[in-house]
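Reading the structure
This is what each chain is made of:
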Amino acid sequence: MAVDEDTVMGEAGFQARAANPHAANGTGQQTTYGHLNGASDPYLAPPLLSQPMQLDGTDGNQPQDITVTADKQRPSSPKSALKTTAPADSADPVSDDQDSLVDGYSETEEAKDVPGLPLASLPSGLCYDVQMRYHCEVRPTSDVHPEDPRRIYYIFKELCRAGLVDDAEATRPLVARPLKRINARNATEEEISLVHTAAHYAFVESTRHMSDEELIALEHTRDSIYFNSLTFASSLLSVGGAIETCLAVATRKVKNAIAVIRPPGHHAEHDKTMGFCLFNNVSVAARVCQQRLGSQCRKIMILDWDVHHGNGIQKAFYDDPNVLYISLHVYQNGSFYPGERDGDLDFCGEGAGVGKNVNIPWPSQGMGDGDYIYAFQQVVMPIAQEFDPDLVIIASGFDAAAGDTLGGCFVTPACYAHMTHMLMTLAQGKVAVCLEGGYNFRSISKSALAVTKTLMGNPPDRLTSTSPSESAVSTVRRVMSTQSAHWGCMFPKAIKTEGLWTDRLHDVIRAYQAKQLYDNFKLTSLYIYRTAISKSFENQVLASPNYNQDTPLIVIFHDPPEIMGLPHPVTNNLEAHNCWLADVMKDYVQWAVNKGYAVIDVNIPKHVTTEPSSSKFEDEDENRPTATEELAGYLWDNYIDPNEATEIFLVGIGNAFYGVANLLINRDTLYKRVNGVISFVAKDPVRAVASHTQTWLSRWYRDNSLVFVSHAHGLWKSERKATKRYGKLLQSPKEGLSEMLMHHKSEVFEWIEGRIEPDSEETEEEKPVRRSPTKAAPKAA
Ligand SMILES: [Zn+2]
């Protein structure tokens, strides 16, 4: 284990010492505050609690001798509270104003006797008990279980090495105000029964008398858990540690605290063990605080940043209006552990608890600092401030930390520190951190150290990455929309009135386009009779009357026109007068019709409307590329191949090009009839046109294509040179599809015209020089 220690622990102890000016006396002893500068410096005010805390196991079952101050009656709180707590020599003119709006503190009586900054002078607390390591596998195999007993030991050691704990193992000198130890004790059956059923308690208790064989057999009947004969004992201590930690924070015995406890708890449900969890530590602690402290601790916020959804906590308080549960977790469409739908963002609580459950479900692993900070700034903190808790408990799994392979995310210690820092602005700083998951020893130690230092007053380290990913923004914005129904601070408001809405705008726009294209160019719908296709593409394929005649034919596959809308900032309604269409395609159609060419205009909707009245947000259909290919094949077989077109040009814009590319690849002889392919790519991947059986296809494609790719596309950043299978690539100075279509219009028109055989009545001199390579070269050069 000594070897492991060295690999896990870093130079944190050195940093902490270096950062602590009070350690500079080099005596190796803990600095005594009074010796330095007296109490006139508020930062150096004597500690409030030099005597041992009365939170040990001997009277743990009894309500503590807690002074309940009426912080719920703030407007009428005694003004004297302010006078006694404000620094005597304060320069703040407001301090002496009897009519000040500034509230008095709500700390305990003993704190009121201390001059200076009594709350800031309180020590932070630490709960750790080596006996919680006794829960382990009966017969460990080489494949060590991730919920390893050493997890809490490594965190404790890291805190010791940083000089934060007054312990025999600690590096000296210690910081000026070391962590105050909070004794863990056994939780009582009565306390655990506030959350769990009697049967569940009896079940966990029964494991203490089982044989090893029975324990191993039991393991296989349950979801992700192991047992030994000391599991029950460790579990009681873990719950008791969480309770004592939360009570110590809520009653101001300490400023704030961290409980380095295991086994974890947030998956444990009222009647079952789950995901390494036996009893729900945090839920029991919250219930005990509410019960014992009454109005002093009525509203509790539980922030769960474990990478997994804390299903057990959510269920325990789902209808409780006084417990706000916010969880950030990887959801992965319900496939990430615990794999239930109830981790999704539309699970907001029920009954009186509606709105008091906030899930921020990441769509995938790989989330990092920018994503978590964004979620905190946009959702967590605004909702938390509106809720205004009396106590904040962090269900603190460190399995979203960089280095944790189970979680697969990249949250740095600095980010955990920043999140802690933000939460410390709530509940007058009453924050209790309780360990949950986290399986990489180094990651959890460094993360826990960063959180603890922040609790103790150290400013968080700088963040290196602060930009959220697009998927995080999308998730957070959808959470905001959902939660806007329950929280005054959440804007814009979600669309509520189901049934009021009739048509989705993309259908309205296509109908308008169809009318325009008919009125101006006599384009009409082509009948698509295959049922599966016609259902999806009704009204989407329009053709000029000459589409089957012996004239050049331009087939355009495009996305619906771009819409630019400025939503109303409060209601989120898109008002018609604040929306614009970018329909550059009509310029292309106009050019072709004026030239006398035939046109087939194919609109590929991003989502096929099935329930017109639904106001649900819809992603782009997953099967859109397949449907496009199917439609392209159908059009080719029925409307393009059999007709007499002299030249055929395929134009694919955006993702709609997918169908064109696959058509070229999958129809052996199709390319022989095609005189040119034009594609516009902004963000989608650049499609390759190549075939194993027809090796010349990619060469043909390069010689007969124009592929305009946005200058912002990742293709241009790649080191590798694109091969011919991607066609003749042209870097566009424009970024968006509409801009590119506009910018390259004349270039495209000239290129097509250059590849068209002039009509017979044209003179030889008028013939363009450029020719399609698939056609015979002109007789005269
Ligand atoms: Zn976890």
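A brief report on the enclosed structure follows. All residue numbers refer to position in the chain's written sequence, counted from 1. A pLDDT threshold of at least 70 governs which residues receive local features in this predicted model, and a stricter bar of 80 or more applies before side-chain atom pairs are shown or counted, although totals over entire chains, interfaces and linings include all residues. Hydrogens and water are ignored here; the side-chain numbers use all heavy atoms of the structure.

This next bit is on the overall build of the protein. Strands here mean DSSP runs of E at least two residues long; helices mean DSSP runs of H or I at least four residues long; both are numbered from the N terminus. Looking only at helices and strands, the protein features 25 helices and 18 strands. Relative accessibility decides the category of a residue: with a 1.4 Å probe and only protein chains considered, values under 20% of the type maximum give buried, values over 50% give exposed, and everything between is partly exposed. Residue burial in the protein is summarised as follows: out of 781 residues, 52% are buried. Every residue pair with non-hydrogen atoms within 4.5 Å of one another is taken to be in contact. For the protein, the share of sequence-separated contacts (at least 6 apart) that also reach a separation of at least 24 residues comes to 76%.

Moving on, we come to the nonpolar core. Core analysis: the largest hydrophobic core is formed by 124 residues, its most contacted members being Ile302, Trp305, Ile360 and Leu423. Residues enter a nonpolar core if they are buried and are Ala, Val, Leu, Ile, Met, Phe, Trp, Tyr or Cys, with the set joined through side-chain atoms within 4.5 Å. Counting residues in each nonpolar core, the second largest holds 40 residues, with Val541, Val555, Val602 and Trp700 among its members.

The patches described consist of residues with a relative accessible area above 30% and no salt bridge, like charges being joined within 9 Å and nonpolar side chains (Val, Leu, Ile, Met, Phe, Trp, Tyr) within 5 Å. Values of accessible area rely on a 1.4 Å probe in the Shrake-Rupley scheme; residue burial ignores everything except the protein chains shown. Salt bridges, as used here, are contacts in which a Lys or Arg side-chain nitrogen is within 4 Å of a carboxyl oxygen on Asp or Glu. Where nonpolar side chains cluster on the molecular surface, the patch consists of Leu505, Val508, Tyr512, Ile563 and Leu581 and spans about 440 Å² of accessible area. By residue number, the principal contributor to the nonpolar patch is helix α18 (residues 505–521), which donates three residues. Relative to the helices and strands, Val508 is located in helix α18.

This part covers the pairing of strand β4 (residues 300–304). Of all five residues in β4, five are buried; the element is thus mostly enclosed. The side-chain alternation of β4 yields two buried faces, one formed by Ile300, Ile302 and Asp304 and the other by Met301 and Leu303. DSSP calls a pair of strands paired once it identifies at least 2 bridges connecting them. Strand direction decides the pairing type here: β4 and strand β5 (residues 323–330), joined by five bridges, are parallel. Counted as the bridge partner of Ile300 is Val323 from β5.

Moving on, we come to the pairing of strand β7 (residues 391–396). Counting buried positions along β7 yields six of six residues, so the element is predominantly enclosed. The side-chain alternation of β7 yields two buried faces, one formed by Leu391, Ile393 and Ala395 and the other by Val392, Ile394 and Ser396. Bridging between β4 and β7 involves five bridges; their strand directions are parallel. Its bridge partner lying in β7, Met301 is registered against Val392. In this structure, β7 lies alongside strand β8 (residues 431–435), joined through five bridges in parallel fashion. When the sheet's bridge partners are listed, Ile393 is paired in β8 with Ala432. Handedness of a crossover is defined as follows: with both strands directed away from the viewer, a clockwise route from the first strand across the helix to the second makes it right-handed. The parallel pair β7 and β8, bridged by helix α15 (residues 413–423), forms a crossover whose chirality is right-handed.

Strand pairing in a sheet takes place through backbone hydrogen bonds and is either antiparallel or parallel in direction. The eight strands lie next to each other as β2-β1-β3-β8-β7-β4-β5-β6, forming an open sheet whose pairing is parallel. Unpaired on one side and paired on the other, β2 (180–182) and β6 (357–362) mark the two borders of the sheet. Each strand of the sheet is rotated relative to its neighbour by a mean of 15°, with strand direction disregarded. Pairing geometry for strand β1 (residues 125–127) and β2, over three bridges, is parallel. Each bridged residue has a counterpart across the sheet, and for Leu126 the counterpart in β2 is Arg181. Together, β1, β2 and β8 form the strand contacts of helix α7 (residues 150–161), whose direction differs from that of β8 by roughly 135°. The strands that helix α11 (residues 231–250) touches are β1, β2, β3 (257–259), β7 and β8; relative to β8, the one it contacts most, it runs at about 165°. As a rule, the C-alpha atoms of each element are fitted with a line to give its axis, helices using only the stretch in contact, and angles between N-to-C directions run from 0 to 180 degrees.

Looking now at the sheet that holds strand β18 (residues 729–732). With respect to topology, eight strands assemble into an open sheet ordered β9-β10-β14-β11-β15-β16-β17-β18, the strand pairing being mixed. Each edge of the open sheet carries a strand with a single partner, namely β9 (524–525) and β18. Summarising the sheet, strand β15 (residues 648–653) and strand β16 (residues 676–681) pair through five bridges and their orientation is parallel. Opposite Phe649, over in β16, you have Gly676 as the bridge partner. Each of β10 (541–543), β11 (553–558), β14 (598–603) and β15 is contacted by helix α21 (residues 624–640), which is oriented at about 165° to β11, the strand it contacts most.

Summarising the metal site, the zinc ion is bound by the protein donors Asp306 (OD), Asp306 (OD), His308 (ND1) and Asp399 (OD), whose distances to it range over 1.9 to 2.7 Å. Mapped onto the sequence, the residues coordinating the zinc ion show the spacing D-x1-H-x90-D. With a relative accessible area of 1%, Asp306 lands in the buried category. Donor atoms: N, O and S within 2.8 Å of the metal, or within 3.2 Å for Na, K and Ca. Because water is excluded, sites can look incomplete.

Time to look at the state of the cysteines. What counts as a disulfide here is a pair of cysteine sulfur atoms lying within 2.5 Å. Tallied over the full model, the rule gives zero disulfides. A disulfide-free cysteine, Cys434 has its sulfur positioned 4.4 Å from the sulfur of Cys246, the nearest such atom.

So, on to the packing of α15 against helix α16 (residues 441–455). It is the contact of α15 with α16, at a shortest axis distance of 8 Å, that shows an interaxial angle of 35°. Classified by chirality, the crossing of α16 by α15 is right-handed. Along its contact with α15, which presents Pro413, Tyr416, Ala417, Thr420 and His421, the element α16 presents Lys446, Ser447, Ala450, Val451, Thr454 and Leu455. Charged means Asp, Glu, Lys or Arg here, nonpolar means Ala, Val, Leu, Ile, Met, Phe, Trp, Tyr, Cys or Pro, and polar covers whatever is left, Gly included. A class-by-class count of the residues in the contact of α15 with α16 yields six nonpolar, four polar and one charged. Less than a right angle of anticlockwise turn of the near helix away from the far helix marks a crossing as left-handed, whereas a clockwise turn marks it as right-handed.

With that settled, consider the packing of aromatic side chains. Here the aromatic set is Phe, Tyr and Trp, taking the six-membered ring for Trp, and pairing holds for ring centres within 6.5 Å; pairs whose planes are under 30 degrees apart are stacked, those over 60 apart are edge-to-face, and all others are tilted. This structure, assessed with the given rule, holds 16 aromatic pairs. Taken together, Tyr588, Trp591, Tyr597 and Phe749 form an aromatic cluster joined through their ring pairs. By definition, being over a ring means that NZ of Lys or CZ of Arg is both within 6 Å of the ring centre and within 35 degrees of the ring normal. The lysine or arginine in question, Arg222, covers the ring of Phe203, its NZ or CZ lying 3.7 Å from the ring centre. The aromatic ring of Tyr518 is capped on one face by Lys522, whose charged end is 4.9 Å from the ring centroid.

This paragraph deals with α18. Between the first and last C-alpha of α18 there are 23 Å, a value that for 17 residues agrees with the 24 Å anticipated at 1.5 Å per step. The set of residues buried in α18 consists of Ile509, Arg510, Gln513, Ala514, Leu517 and Phe521. End-on, the buried residues of α18 take up no more than an arc of 145°, which puts them together on one face. Buried residues along α18 sit against β10, β11, β12 (562–565), β13 (579–582), α20 (585–594) and β14. Following α18 by one or two positions, Lys522 has its phi on the positive side, about 60°. Helices are assigned an expected span. That span is 1.5 Å times one less than the residue count. Taking the helix axis as origin, the arc is that swept by the directions to the C-beta atoms.

As a further point, take the packing of α11 against helix α12 (residues 281–293). The geometry of α11 relative to α12 is characterised by a closest axis approach of 8 Å and an angle of 45° between their N-to-C directions. The orientation of α11 with respect to α12, classified from their angle, is oblique. Pair α11 / α12 crosses with right-handed handedness. Residues Ser238, Val239, Ala242, Ile243, Cys246, Leu247 and Ala250 of α11 pack against Asn281, Val284, Ala285, Val288, Cys289, Arg292 and Leu293 of α12. When its residues are assigned to classes, the contact of α11 with α12 shows eleven nonpolar, two polar and one charged. These descriptions rest on fixed angle ranges, namely under 35 degrees for roughly parallel, over 145 for roughly antiparallel, 65 to 115 for roughly perpendicular, and the rest for oblique.

Purely geometric numbers; function is a separate question.
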